[in-house]
Amino acid sequence: MAARLVPSLLEVLVLISLVSTCISSKPSSRIKSLNVIKELNRKGKYIGLITVTATEENAFFATGAFKPHSKHPFVDLAGRRFLVGKINGKKAIYVKCGVGMVNAAATTQQLLDHFDLKGIIHFGIAGNVNNSMFIGDVTIPKQFADTGLWDWLNPNATWDPSSYVAELDFDNYNEPNFNGSNNLLGHLGYETEQFFSESGDPNTPQPLLWAQVSEDWLQVAATNLEGIELEQCVNSSLCLPEKPKLVVGLSGSTANMFVDNAAYRDFLFQNFNVSSADMESSAVVMTSLSNGLPVIVIRGLSDLAGRQSGENDYATFGSLAARNTAKAVVQFINHIYAFSSS
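Residues numbered from 1 in each chain as written. Predicted model: local features only at pLDDT ≥ 70, side-chain atom pairs only at ≥ 80, totals over all residues. Heavy atoms only, no water.

If you check an unreviewed UniProt entry, the protein appears there as Nucleoside phosphorylase domain-containing protein from Acer negundo.

1. So, the overall build of the protein
Note the cut-off: By definition, any uninterrupted DSSP run of H or I lasting at least four residues is a helix, any uninterrupted run of E lasting at least two residues is a strand, and each is numbered from the N terminus. Burial here depends on accessible area, computed with a 1.4 Å probe over protein chains only, as a share of the maximum for the residue type. Under 20% is buried, over 50% is exposed, and the range in between is partly exposed. Contact definition: two residues touch when any of their heavy atoms are within 4.5 Å. Only the protein chains shown count as cover for residues, and all accessible areas are computed by the Shrake-Rupley method using a 1.4 Å probe. As used throughout, the charge tally considers Lys and Arg to be positive and Asp and Glu to be negative, leaving His and the chain termini uncounted. In plain terms, the charge of a residue is placed at NZ if it is Lys, CZ if Arg, CG if Asp and CD if Glu.
Along the protein, the regular secondary structure elements total seven helices and 20 strands. Expressed as lengths along the three principal axes of its C-alpha atoms, the size of the protein is roughly 85 × 65 × 50 Å. Residue burial in the protein is summarised as follows: out of 342 residues, 46% are buried. Counted over contacts in the protein with a minimum sequence separation of 6, partners at least 24 positions apart contribute 76%. Carbon and sulfur atoms form 54% of the exposed surface of the protein, whose accessible area is close to 17300 Å². Treating the 25 positive side-chain charges of the protein as one cloud and the 32 negative ones as another, the clouds have centres 17 Å apart.

2. Remarks on the packing of aromatic side chains
Using the following cut-off: Side-chain rings of Phe, Tyr and Trp, where Trp is taken by its six-membered ring, are said to pair if the distance between their centres is within 6.5 Å; with planes under 30 degrees apart they count as stacked, over 60 as edge-to-face, and otherwise as tilted.
For the coordinates displayed, the defined rule picks out 14 aromatic pairs. Between Tyr-190 and Phe-272 the ring centres are 5.6 Å apart and the planes differ by 70°, which places this aromatic pair in the edge-to-face class. You can see Tyr-190 sitting in strand β11 (residues 187–190) and its partner Phe-272 sitting in helix α5 (residues 262–272), a full 82 residues away along the chain. Like Phe-272, Tyr-190 is buried.

3. Considering unusual backbone geometry
For Ala-78, which is not a glycine, the phi torsion comes out positive at approximately 55°. Mapped onto the elements of the fold, Ala-78 is located in the loop between β3 (74–77) and β4 (80–87). Despite not being glycine, Ala-305 shows a phi value in the positive range, around 55°. Along the polypeptide, Ala-305 turns up in the loop between β20 (295–303) and α7 (314–339).

4. Digging into the state of the cysteines
Cut-off, in case you're wondering: What counts as a disulfide here is a pair of cysteine sulfur atoms lying within 2.5 Å.
Following the criterion strictly, the structure yields one disulfide and no others. Between the sulfur of Cys-233 and that of Cys-239 lies a disulfide, 1.8 Å long from S to S. Its S-S torsion of about 100° marks the bond between Cys-233 and Cys-239 as right-handed, since a negative value means left-handed. Here Cys-239 falls in the partly exposed class, since its relative accessible area comes to 38%.

5. Side note on the packing of helix α2 (residues 54–62) against α7
Using the following cut-off: Think of each axis as a best-fit line through the C-alpha atoms, taken over the contacting stretch in the case of a helix, with angles from 0 to 180 degrees between the N-to-C directions. We call two directions roughly parallel when the angle between them is under 35 degrees, roughly antiparallel when it is over 145, roughly perpendicular when it lies between 65 and 115, and oblique otherwise. Whether a crossing is left-handed or right-handed is set by the direction in which the near helix is turned from the far one by less than a right angle, anticlockwise for left-handed and clockwise for right-handed. Just so you know the grouping, Ala, Val, Leu, Ile, Met, Phe, Trp, Tyr, Cys and Pro go in nonpolar, Asp, Glu, Lys and Arg go in charged, and all remaining residues, Gly too, go in polar.
It is the contact of α2 with α7, at a shortest axis distance of 8 Å, that shows an interaxial angle of 50°. One way to sum up the angle between α2 and α7 is to call them oblique. Remark: the crossing between α2 and α7 carries right-handed chirality. In this structure, α2 contributes Thr-55, Glu-56, Ala-59 and Phe-60 to the contact, and α7 contributes Gly-318, Ser-319, Ala-322, Arg-323, Ala-326, Val-329 and Val-330. Residue composition of the contact of α2 with α7, grouped by class: six nonpolar, three polar and two charged.

6. Topic: helix α6 (residues 281–290)
Among the 10 residues in α6, nine count as buried, and that is most of the element. Once α6 ends, the next one or two residues include Gly-292, with phi positive near 75°.

7. Let's talk about the pattern of salt bridges
Our working rule: Basic side-chain nitrogens of Lys or Arg form a salt bridge, by our definition, when they fall within 4 Å of a carboxyl oxygen of Asp or Glu.
Counting across every chain of the model gives 10 salt bridges. Ionic pairing is found between Lys-245 and Asp-137, a salt bridge with its closest N-O pair at 2.7 Å. Taken together, the residues span a long stretch of sequence, with Lys-245 in the loop between β16 (238–239) and β17 (246–248) and Asp-137 in the loop between β6 (117–128) and β7 (138–140) at a distance of 108 residues. In this structure Asp-137 comes out as buried when scored by relative accessible area, which is 1%. Here Arg-299 ties to Asp-278 by a salt bridge, and the two come within 3.6 Å at their closest N and O atoms. Within this pair, whereas Arg-299 is found in strand β20, its partner Asp-278 is found in strand β19 (residues 276–278), the two being separated by 21 residues in sequence. In this pair, the class of Arg-299 matches that of Asp-278, namely buried. When salt bridges with common partners are traced through the structure, they connect Asp-278, Glu-280 and Arg-299 into a single cluster.

Right under this line is the structure:
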């Protein structure tokens, strides 16, 4: 009969120590962060700021308006760093969410779950879908549609167009035209969102096409920001042909896709009457509204979303659009605190 190996007491203690370290290291870090957040929340309400990429983040901090908290300049939670400070004396929590709707919704929920917030300002850059707007302009839309929620339908199946808010028929884009023959890509039928909110019954979603930003905050922007002086030049040798403007009250679209296609750009404008296309805004707005929190979106137009003849202008004018956006964000914060002291 083979000898049975019995671990020594020392080996058992070492094993227990290693397991304990693996189990406790992460939770202890989270507990520390939650304790800091509890301390911060005793100081009153904050403006929540959410942006997406490093380009937008760099432009925002380049304004010099954000001053870090002296004791707790940041809190790390769930893989994200929440920066704590003030903007021209107003308390703020800033976070970079990352690209896409899942990142945007998750970050928004984390922000409002943990911090005592006055409301959320989401900002960044976007593609221009409206021919009356130009690169460098800043848009503060009144509403957003999720234009990435659709059924991709079988081209040989019967379908009811009345079931959808918009339809994209690939036959209309055959090039060259194949004498009316079906395109195997078929049709897309655009659906409405299912919207859950604290004001509704639990587990009872409402159909939603347009997620509306907070009307009071939109009015503050319209009253105080239209006419703001925006930058026209990327640098001393590269300038836009026209002075950029800020426009309040248009509509925007959001989907998990970067739009750089003229035909699809035209489809979005004609069917949804949107002026901008991005990958996060509707997720931030819907999550904020679900929780009953004021929200507004400020987006600078960095490119033509495919209408240009050559390469996309994002790489050339993205930094300029981000700077104009950041300027509008700082100005809005000054006015929203004047609007309400709560």
